[in-house]
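Residue-level listing of the chains:
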Amino acid sequence: MGVTRLEINLPALRHNYAYLQSRVAPGTKMMAVVKAFGYGSDAVAVAQELEQLGVFYFAVAYTSEGAALREAGITSPILVLHPQPDNFELLLEKCLEPSLYSKRVFEAFYAFAKAKSQQHYPVHLKFNTGLNRLGFAKKDLDYLTTELEGNQILKVASLFSHLTASEDLKEKEFTQNQITAFKNVADQLLPHLDYTPFLHQSNTSAILNYPEAQFDVVRTGIGLYGYGNTDTEDAHLMPVAQLKTVISQIHTIAPGDSVGYNRAYQSKTMERIATLPIGHADGISRAFGNGVGYVFVNGEKAPIIGNVCMDMLMINISNIPCEEGDDVTVFGEEISAVALATKINSISYELLTAVSQRVKRVVLR
Ligand SMILES: *Cc1c(COP(=O)(O)O)cnc(C)c1O
């Protein structure tokens, strides 16, 4: 008897890693982004696999995510994209490497590292080239060069920036300006250091669309998990996560009967409906209710009827031969996470990371 589970397909991860490597210049290294539980999958299983494949670096969003990887035995360097001064103690204890993106955070980390008698602690400097999210501005370069020249406490492991619209070819000019701006920052800063940090600016879509922005390292997230932000690229990649569930109960309902909370669905004919043990608390948004979303039962499409409940949802299986205990696919082989996300004007990233920690992860090796 099955339960709701997210299958994590490591052979698919290996395939995607190899495909992305084939799309970067020889010598360009890979930083695997495993934030948000590995895009909702299983960050530890993914990181262990990639570490074996020889990945150069990992990136996570928050310190606690990096700490969890260390506790699971990951020894590769880990960049924390959004470290917060409150977490510096843990960051240091776990040998995590902070992104320093403003004077405030730079000063705080410098003072902290000094107080802890650190020498050459690896840090990464992030520059804002147009996303306007996190990053130093060009005008901060004088401050940085003064701080960094001869600095014995911190060592700049890398300089990086993040693109705003690498998946959108209508924004080519904007993106090219971001690439130029990042090159200018590196040109101005590097002569002030007596060592050479590595440079990185590309996320998955930039790897695929802007080979001129690969620099020394690329940061790939969504591509590793099997999505390339275009149909053409998706065809080269394999989804790592498949969300599956099972039929808990089947009812036959008469014309005029209703299904679920607030009677949102009312049948016009005799119908067969099934209840699935997955709801909005598992990551299936209420926006999928009332026929917007569907699942696959024995290879056939079954629409979600009525409102999605917290722990369950109901589907119409009137024309589908199936019985209680049968497997159901929410996304995976028959429908990709991106195709399902599109139904609610969302994106693969959001649907994947929404799969809550209540859902059992099953790692397929
Ligand atoms: C999440 C993230 C990435 C990964 O982007 P993908 O589009 O998933 O490849 C890269 N860099 C930064 C700064 C990020 O926040």
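Everything below is about the structure printed above this text.
As the structure is a computational prediction, the values presented were derived from the model and not from experiment.

Chemist: For the sheet that holds strand β16 (residues 300-305), give the residues involved together with the corresponding values.
Modeler: Within the open sheet, the 9 strands sit side by side as β11-β14-β17-β16-β15-β18-β10-β1-β19. Their pairing is mixed. Two strands bound the open sheet, and with one partner strand each, they are β11 (249-253) and β19 (360-364). On average, each strand axis in the sheet is inclined to that of its neighbour by 35°, with strand direction left out of account. When strand β10 (residues 241-246) meets strand β18 (residues 327-331), the two strands line up antiparallel, connected through 4 bridges. Opposite threonine 245, over in β18, you have valine 328 as the bridge partner. Its contacts with the sheet put helix α1 (residues 10-22) on β1 (5-9) and β19, and the angle it makes with β1 is roughly 45°.

Chemist: An account of the packing of aromatic side chains is needed here, citing residue identities and associated values.
Modeler: Considering all chains together, one arrives at 13 aromatic pairs under this definition. Ring plane angle 45° and centroid distance 6.0 Å describe the contact between phenylalanine 127 and phenylalanine 136, whose orientation is recorded as tilted. Among the residues examined, phenylalanine 127 registers a relative accessible area of 1% and is labelled buried. The class for phenylalanine 136 is buried, based on a relative accessible area of 0%. Each ring, one from phenylalanine 182 and one from phenylalanine 215, has its centre 5.1 Å from the other, and the planes form 90°; the classification is edge-to-face. Placement of the pair is phenylalanine 182 in helix α8 (residues 172-189) and phenylalanine 215 in the loop between α9 (204-209) and β9 (217-220), with a sequence separation of 33 residues. Lying across the ring of tyrosine 195, lysine 155 places its NZ or CZ 5.0 Å from the centre. Geometry around tyrosine 294 places lysine 301 over its ring, the cationic atom sitting 4.4 Å from the centre.

Chemist: Residue-level account of the pairing of β9, with values.
Modeler: On β9, burial covers both faces: Val217 and Arg219 on one face and Val218 and Thr220 on the other are all buried. Relative to β9, strand β2 (residues 29-33) runs parallel, the two being bridged by 4 bridges. Residue methionine 30 lies in a different strand from β9, and its bridge partner there is valine 218.

Chemist: Any chance you could break down the site of the ligand for me, citing the residues and the numbers?
Modeler: Around the ligand, a shell composed of 14 residues is seen, among which Lys35, Tyr39, Thr204, Ile222 and Tyr349 lie nearest. Within the contact set of the ligand, an oxygen atom lies 2.5 Å away from a side-chain nitrogen or oxygen of tyrosine 39. The side chain of tyrosine 349 places a nitrogen or oxygen atom 2.7 Å from an oxygen atom of the ligand. Alone, the ligand offers 390 Å² of accessible surface; in the complex the protein occludes 94% of this. When residues of the shell around the ligand are traced back to their parent elements, those giving at least two are α2 (35-39) and β9. Across the shell around the ligand, the residue classes break down as 5 nonpolar, 5 polar and 4 charged.

Chemist: Could you give an account of the pattern of salt bridges, naming the residues involved and the relevant values?
Modeler: Within this structure, the stated rule accounts for 12 salt bridges. Across the pair glutamate 89 and lysine 116 runs a salt bridge whose closest N-O atoms are separated by 2.7 Å. Note that glutamate 89 is positioned in helix α5 (residues 88-93) and lysine 116 in the loop between α6 (103-115) and β6 (121-127), a separation of 27 residues in sequence. Using a relative accessible area of 45% as the deciding quantity, one classes glutamate 89 as partly exposed. Of the charged contacts, one joins arginine 358 and aspartate 311 as a salt bridge, the two residues approaching to 3.0 Å between their closest N and O atoms. Of the two residues, arginine 358 sits in the loop between α12 (348-354) and β19 while aspartate 311 sits in the loop between β16 and β17 (313-316), which places them 47 residues apart along the sequence. Classification of aspartate 311 by relative accessible area gives partly exposed; the value is 33%. Each of Arg5, Glu7, Lys244 and Asp327 takes part in a single network of salt bridges with overlapping partners.

Rules used throughout
Residues numbered from 1 in each chain as written. Predicted model: local features only at pLDDT ≥ 70, side-chain atom pairs only at ≥ 80, totals over all residues. Heavy atoms only, no water. Pairing = 2+ DSSP bridges. Helix = DSSP H or I, 4+ residues; strand = E, 2+ residues; numbered from the N terminus. Axes fitted to C-alpha atoms, helices over the stretch in contact; angles between N-to-C directions. Contact = heavy atoms within 4.5 Å. Phe/Tyr/Trp six-rings, centres within 6.5 Å; stacked < 30°, edge-to-face > 60°. Buried < 20%, exposed > 50% of the residue type's maximum accessible area, 1.4 Å probe, protein only. Lys NZ or Arg CZ within 6 Å of the ring centre and 35° of its normal. Near = heavy atom within 4 Å. Polar contact = N/O pair within 3.5 Å; in protein donor to acceptor, adjacent residues only side chain to side chain. Areas by Shrake-Rupley, 256 points an atom, 1.4 Å probe, with all protein chains shown as cover. Nonpolar A, V, L, I, M, F, W, Y, C, P; charged D, E, K, R; others polar. Salt bridge = Lys/Arg side-chain N within 4 Å of Asp/Glu carboxyl O.

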